[in-house]
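Take a look at the letters that make up each chain.
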Amino acid sequence: MLELRLVQGSLLKKVLEAIKDLVNDANFDCSSSGFSLQAMDSSHVALVALLLRSEGFEHYRCDRNTSMGMNLGNMSKMLKCAGNDDIITIKGDDGSDTVTFMFESPTQDKIADFEMKLMDIDSEHLGIPEAEYHAIVTMPSAEFSRICKDLSSIGDTVVISVTKEGVKFSTRGDIGTANIVLRQNTTVDKPEDATVIEMNEPVSLTFALRYMNSFTKATPLSNTVKISLSSELPVVVEYKIAEMSYARYYLAPKIEEDEDENGD
Amino acid sequence: MLELRLVQGSLLKKVLEAIKDLVNDANFDCSSSGFSLQAMDSSHVALVALLLRSEGFEHYRCDRNTSMGMNLGNMSKMLKCAGNDDIITIKGDDGSDTVTFMFESPTQDKIADFEMKLMDIDSEHLGIPEAEYHAIVTMPSAEFSRICKDLSSIGDTVVISVTKEGVKFSTRGDIGTANIVLRQNTTVDKPEDATVIEMNEPVSLTFALRYMNSFTKATPLSNTVKISLSSELPVVVEYKIAEMSYARYYLAPKIEEDEDENGD
Amino acid sequence: MLELRLVQGSLLKKVLEAIKDLVNDANFDCSSSGFSLQAMDSSHVALVALLLRSEGFEHYRCDRNTSMGMNLGNMSKMLKCAGNDDIITIKGDDGSDTVTFMFESPTQDKIADFEMKLMDIDSEHLGIPEAEYHAIVTMPSAEFSRICKDLSSIGDTVVISVTKEGVKFSTRGDIGTANIVLRQNTTVDKPEDATVIEMNEPVSLTFALRYMNSFTKATPLSNTVKISLSSELPVVVEYKIAEMSYARYYLAPKIEEDEDENGD
């Protein structure tokens, strides 16, 4: 039996909005440590890893490890029916082919049960080792979202270049070029407004803006985003959620042609 | 001669928004008691009855009973040109084939006259007798609207079931099922937040959500909605307006097949 | 060399929004007195004249008169990437085929450079002589915008008639007619709410609403609009910007057929 009660139900609504455009169907894995998902996007280019730790739930009961295949579009349709202040409980019975989402209004005057059919989904779980990165940029998530959106109006790819002084986002397209530089800045009133750069060596990598823009759907989950860059690894774009939970996105850099290296 | 002056002109704007999607053309009937409309929706399934009593107007002159055929889409276009704080006056001359809507800004610095052509519309006025209902539910209109909209994302019909404890709204569709229960609740800070159930006997009826969603276009007219249910009569969904005026919608229940009765 | 620094960068964003729907490509002319543009709309019916005087810039350097051909759609795409509080600097080098827009955030933590390719555009500069007008109406720009939009839902043209008492905007279409009268009104709390009529002789002229609606895209530039009317000249619709700058639109009246004159 499975019963996961999340007082801040809006969190689950935001999580679905953060992944449903990237992934159509996926297995949610439930164990004693938490409720998680790992899935490739539908074009098999980016990887999404989501973890909601059991500590973040008011009540968390998971008798045995379970994998539940869900259509994320349908799940999102159901969660949209929950009020933003509702308590959401995920319920499942062993061997059942459905999952139930229960929404309770704060006053307990309205109780809704939405029952969704589960799917059989083949998936292999990738082990993602901890790694050393050349540079890690932590910045306001809304700023990162704005930059990716703005650059998309000019070009298709973004070059992210990190030096000690700051991080540069660049693109080029038919109508011209764009460079946006953010300086390291830790003397801010609110910690979440800081731009912090941890750098072992300078790095400059190119990514498809289309995927970056999909990742920024997670912006409502966190005030800050952490971007971990290495020339030998996929970039990790991470949105931390309370209680050590997170939504992480992985994307391999594009191999730059020489002309792009020099033409900038 | 006809001259109806409504200080709260936004009320007439809201009335049009509440009926224009359901009814294309209709006769507005004007008598000494009020300004009213009764019309079947364009698919001849639902009935709309609207009454604005003469007491609700600052000035109300109607020399003789008049019926004015109007295209509600065109009337809505004109009323959208009135500001929300404008005073609206409806003017007609005996035998004229036009009606004039006059909009006065609160400061009287802006006066607009919109003249619309009238239409000849055949219509028969149905007598709707007062009736006894098995159950009457009064609830916040925004909550009813939200429930109808939410259920529409799952299924096409809603089963409304009333017991002494509360009212249940249910649907089922390809992706699963949904049940939303509202408890009777009269201990609220604001009377319009109450959910009140008057029940003679339990009732469970099925309706097309498409029409229910059209009815909820009247939500801005009133904080509460009254739903009168009987297994032998069309449901009445009523939005009360000040001064004993109202917008009422009538819809016959769908005949449930057995499998639906048992399958829930 | 050219370097124009505008602390209130949102002004340039608004200017582009005010003209980009009317004009596709145009030359911006830069001289010691200011940054200006004069262009016919793409259907060669209306004329746009824009002037941002050098006094409005924090720093203004223009070594020699320059004409820079720009695609306004592309320029608008780039300026949309500037924050509303950003300082915008326009930079150009003599003989270069590009222009650079630099956006600085108020805290200087984010600096963006957008480089756009210039175009060769043939254009002739029309001399527009100062003229005497039969009537000049100054009114709140939002009110003028609202009236043009409202009348567009009824008809295609607007008749603007000025008498000493006020200004009347009229239209007619398939569904009926509309007349909106604004009275001269100078006793208002805020000067920008006044409707002021300076009249030498009564005038009544007809214009295409489509163009009027395009002109009102300049509404965010100014709280008031000045409409200068003469039966022998194109109307001038002017939005004043601080420091004697402006956006002006010119449109020739339509020649009214007799039936329209009498049918009103």
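No experiment lies behind these values; they were computed from the predicted model shown. (Residues numbered from 1 in each chain as written. Chains lettered and ligands numbered in written order. Predicted model: local features only at pLDDT ≥ 70, side-chain atom pairs only at ≥ 80, totals over all residues. Heavy atoms only, no water.)

Draft legend 1. How the structure looks around the sheet that holds strand 3 (residues 34-40) of chain A. All names here are of chain A. With antiparallel pairing, the nine strands of this open sheet are ordered in space as 6-2-3-4-18-17-16-10-14. This sheet does not close on itself; its edge strands, each paired only once, are strand 6 (66-71) and strand 14 (196-199). Between one strand axis and the next, the sheet turns through 15° on average, direction left out of account. Relative to strand 3, strand 2 (residues 25-31) is paired through four bridges, and the arrangement is antiparallel. Directly across from Cys30, in strand 3, lies its bridge partner Phe35. Docked against the sheet, helix 1 (residues 10-19) engages strand 2, strand 3, strand 4 (46-53), strand 17 (235-241) and strand 18 (245-251), running at close to 170° with respect to strand 4. Where helix 2 (residues 72-79) meets the sheet, its contacts fall on strand 2 and strand 6, and the angle it forms with strand 6 comes to roughly 85°. (Pairing = 2+ DSSP bridges. Helix = DSSP H or I, 4+ residues; strand = E, 2+ residues; numbered from the N terminus. Axes fitted to C-alpha atoms, helices over the stretch in contact; angles between N-to-C directions. Contact = heavy atoms within 4.5 Å.)

Draft legend 2. Fine view of the interface of chain A and chain B. Each partner contributes to the interface: chain A provides 17 residues, whereas chain B provides 18 residues. Roughly 1500 Å² of surface becomes buried between chain A and chain B when both sides are summed, with 47% attributable to carbon and sulfur atoms. Between chain A and chain B we count one salt bridge in total. The partner of A:Lys110 in a salt bridge is B:Glu143, and the shortest N-O contact between them spans 2.7 Å. At the surface where chain A touches chain B, the tally comes to 11 residue pairs in polar contact (both at pLDDT 80 or more). Those elements that provide at least two residues to the side of chain A that touches chain B are helix 2 and strand 9 (110-117) of chain A. (Buried area = accessible area lost by both parts, 1.4 Å probe. Salt bridge = Lys/Arg side-chain N within 4 Å of Asp/Glu carboxyl O. Polar contact = N/O pair within 3.5 Å; in protein donor to acceptor, adjacent residues only side chain to side chain.)

Draft legend 3. How the structure looks around helix 2 (residues 72-79) of chain C. Residues and elements named next belong to chain C. With six of its eight residues buried, helix 2 lies for the most part within the structure. Looking only at helix 2, the buried set comprises Leu72, Asn74, Met75, Ser76, Met78 and Leu79. Where helix 2 begins, the capping side chain belongs to Asn71, and its oxygen is found 2.9 Å from the backbone nitrogen of Gly73. (Buried < 20%, exposed > 50% of the residue type's maximum accessible area, 1.4 Å probe, protein only.)

Draft legend 4. Quick look at unusual backbone geometry. All names here are of chain A. Although it is not a glycine, Glu243 sits at a positive phi angle of roughly 60°. Its location among the elements puts Glu243 in the loop between strand 17 and strand 18. By relative accessible area, Glu243 is classed as partly exposed at 43%. A positive phi angle, near 60°, is found at Met244, a position not held by glycine. Along the chain, the position of Met244 falls in the loop between strand 17 and strand 18.

Draft legend 5. Highlighting the domain arrangement of chain A. Residue and element names in this part refer to chain A. Taken domain by domain, chain A consists of domain 1 (2-117) and domain 2 (135-251). Computed from C-alpha atoms alone, the centre-to-centre distance between domain 1 and domain 2 is 28 Å. On the domain 2 side, the residues contacting the 21 residues of domain 1 number 18 residues. Taking both sides of the interface into account, the surface hidden between domain 1 and domain 2 amounts to around 1600 Å²; carbon and sulfur atoms contribute 64%. Linking domain 1 to domain 2 there are one salt bridge. The closest approach of N and O atoms between Asp21 and Lys217, which form a salt bridge, is 3.0 Å. In this structure, the connection of domain 1 to domain 2 is made through eight residue pairs in polar contact (both at pLDDT 80 or more). Listing elements by their share of the side of domain 1 that touches domain 2, those giving two or more residues are helix 1 and strand 4. Tallying contributions element by element places strand 4 first for the side of domain 1 that touches domain 2, with eight residues. (Domains from an automatic or database assignment.)

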